[in-house]
Amino acid sequence: MMRTQLQNRSPRRGFATLMVLWTIALVALVLVALQSSSFRQAAAGREAVARVRAYWAARAGLEAQIAKITANTISPDPTSPTTIYSDLAGVARGELAGVTYNVRHFDGTQEVDGPDDAHSKMNINTLDAAAIQIIDGTVDETTAQNIHNWIHGVDDTAPTGADEGTYTGKRYPYKPRGAAVRSLKELELVEGVDPKLLRGEDANYNGRLDPNEDDGDTSLPPDNADGSMDAGWSRYITAVSEGDRITSFGVSGTKKLDLATASVSDIASRLQVDQNQAQAISTHAANGSALLADFVRTDLGTLAQSAQGAVLLNGRRQQNTVTALSKDQIKLILDECVIGSEIASGGPRTGKLNINTVTRETLERYNTVITDDVAAAILTERDGRAGGFQSLIDLEDIPAITADVLADLMAHIDVKSNVFVVSSRGRDKNSGQEVEITAVVDRSSIPVIIRDIVVR
């Protein structure tokens, strides 16, 4: 009887032991799962913290650039408009507690410290179809006309190329802008535009040679892994350069004077001219079609006797009483003044080409505006000037550039830039986590404006 009881207890004890072992194993698995989940959460938390730190490091780099751009705009170097670029390069790198940042861009041959000058490139919104075709040997006539039509619409002067029906007839229809494009990426919507040709190896349009853009066929985009960035059409063109505004600052760091609305006394004081000259300038500028270039192209006395500037002091026509402007006075007009109606007619996103920063290759592609001979003369003179051209009036020192030539060029070129593309990369030193901020910074008014920002 006792043996039978013991035999019955043995299976029960085995089953109980098995249950205990199974429970222990289950608890162990639960603990391992909890530990693994906690580890993943902790790792994700550390990664998130690292990314936040990298983001604010990148933001610090952007803010350092904005601060220097603002300071240079308000208190510029009167001897050189190019000092800003060395100043910006000087604050392009920094280190904070456990993080670093750097601001760099590819200048066509190598990656250098500082932001990219948008005005060193041709603004696509200002180019006609012929100029667009010259951008690169891969832009055919039809594609060039399609780009022009996208921006300006189709009219009797440009009957060829894609029209609105080309886009509204697609499977997923859309309409062409019919106005200035806001970014080069928008051009990828244009019929015939190959994004690979537009972007080149700069797949994300950040102006920097990223690791995936220099690794051959290992990852997209396709590249030749030669340590140099072929940016395609984007090497020569931009859509973000902006022209002057009423709020723009002059070379002196003072808000520019609107000649169309300023008082005669303010004009006389700012431009160091006499009352007759000031009145003639004011009267001409008040004409709705007046341009700053008029004061370069035409003697002030002649302007004073024209229909736009005939009424001078005391409401009487003055005969031969207006002294011609000196070169220094014309320089002040170009450097310190605007005409409101001229700015309004220019529209947005029509930034001029900065002849102090434009590359030789880009200027050569601008030959529908600047002839090869004039371009060569400008580059030769620029290379011989420490600090570049201080004012557009300095171009008259070049024999090939007469007053008429300079007046014609003024609609297309300048010696300073309003817009910079800042690509700031922050890095958390412990984790290696990186965040990049690419921002379009416009200093045509103070405080400066961030017109576009992308965080990667």
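Residues numbered from 1 in each chain as written. Predicted model: local features only at pLDDT ≥ 70, side-chain atom pairs only at ≥ 80, totals over all residues. Heavy atoms only, no water.

Asks: Got a minute to help me understand the environment of Gly388 in this structure?
Replies: Note that Gly388 resides in the loop between α14 (372-383) and α15 (403-409). As for Gly388 and Ile355, which are separated by 33 residues in sequence, their C-alpha atoms are 8.6 Å apart. (Helix = DSSP H or I, 4+ residues; strand = E, 2+ residues; numbered from the N terminus.)

Asks: So what exactly am I meant to see when it comes to the packing of helix α7 (residues 264-271) against helix α8 (residues 275-285) here?
Replies: Between two packed helices, both the angle of their axes relative to each other and the distance between the axes serve to describe the pair. Close contact between α7 and α8 brings their axes to 8 Å; oriented N to C, the two are set at 115°. Between α7 and α8, the angle falls in the class roughly perpendicular. Along this stretch, α7 crosses α8, giving a crossing that reads as right-handed. The segment α7 lies against α8, with Val264, Ile267, Ala268 and Leu271 engaging Gln275, Ala278, Gln279, Ile281 and Ser282. Here the contact of α7 with α8 is built from residues that sort into six nonpolar, three polar and no charged. (Axes fitted to C-alpha atoms, helices over the stretch in contact; angles between N-to-C directions. Parallel < 35°, antiparallel > 145°, perpendicular 65-115°, else oblique. Left-handed = near helix turned anticlockwise from the far one by under 90°. Contact = heavy atoms within 4.5 Å. Nonpolar A, V, L, I, M, F, W, Y, C, P; charged D, E, K, R; others polar.)

Asks: Is there a simple way to think about unusual backbone geometry in this case?
Replies: Note: most peptide bonds trans; most residues except glycine with negative phi. Residue Pro221 is reached from Leu220 by a cis peptide bond, and omega for that bond is 0°. Summarising the element assignment, Pro221 is placed in the loop between α6 (195-199) and β6 (237-238). Look at the link from Ile446 to Pro447: it is a cis peptide, with omega at 5°. Looking at the element boundaries, Pro447 is found in the loop between β12 (434-442) and β13 (449-455). The phi angle at Ala225 is positive, at roughly 50°, despite the residue not being glycine. With respect to the secondary-structure elements, Ala225 resides in the loop between α6 and β6. Taking the relative accessible area as the measure of exposure, Ala225 reaches 40% and is therefore partly exposed. (Buried < 20%, exposed > 50% of the residue type's maximum accessible area, 1.4 Å probe, protein only.)

Asks: Any chance you could explain the nonpolar core here in plain terms?
Replies: Judged by nonpolar contacts, the single largest core of 74 residues is most densely connected at Ile124, Ile237, Leu259, Ile281 and Leu395. If you tally residues by element for this core, the top one is α14, at five residues. Those residues in contact with Ile281 that lie beyond four places of it in its chain are Leu259, Ile267, Leu271, Val273, Phe295, Leu300, Leu325 and Ile333. Judged by nonpolar contacts, the second largest core, of 14 residues, contains Ala58, Ala92, Phe420 and Val422. (Core = buried A, V, L, I, M, F, W, Y, C linked by side-chain atoms within 4.5 Å.)

Asks: I keep staring at empty space enclosed by the protein and nothing clicks. Help me out?
Replies: Think of a ball as big as a water molecule: rolled over the atoms, this probe shows where empty space is left. Using the criterion set out here, one finds one cavity of 30 Å³ or more in the structure. Forming the boundary of the largest cavity are 17 residues, of which Pro76, Asp77, Pro81, Val251 and Lys416 lie nearest the centre. Elements supplying a minimum of two residues to the lining of the largest cavity: α1 (2-74) and α2 (83-90). For the lining of the largest cavity, the residue count by class is seven nonpolar, six polar and four charged. (1 Å grid on protein atoms, 1.4 Å probe; cavity = no way out; pocket = protein on both sides within 12 Å on 5 of 7 lines; lining within 4 Å. Points joined across faces, edges and corners; volume = space filled by probe spheres on them.)

Asks: Explanation requested: the confidence of the model for the protein in the structure shown.
Replies: As a general rule, the predicted coordinates of low-pLDDT regions are not to be interpreted in detail. Per-residue confidence for the protein averages 89 on the pLDDT scale, and 90% of its residues sit at or above 70. Ranking the elements of the protein by mean pLDDT puts α1 last, at 80, and strand β11 (residues 419-428) first, at 98. (pLDDT = per-residue confidence, 0-100.)

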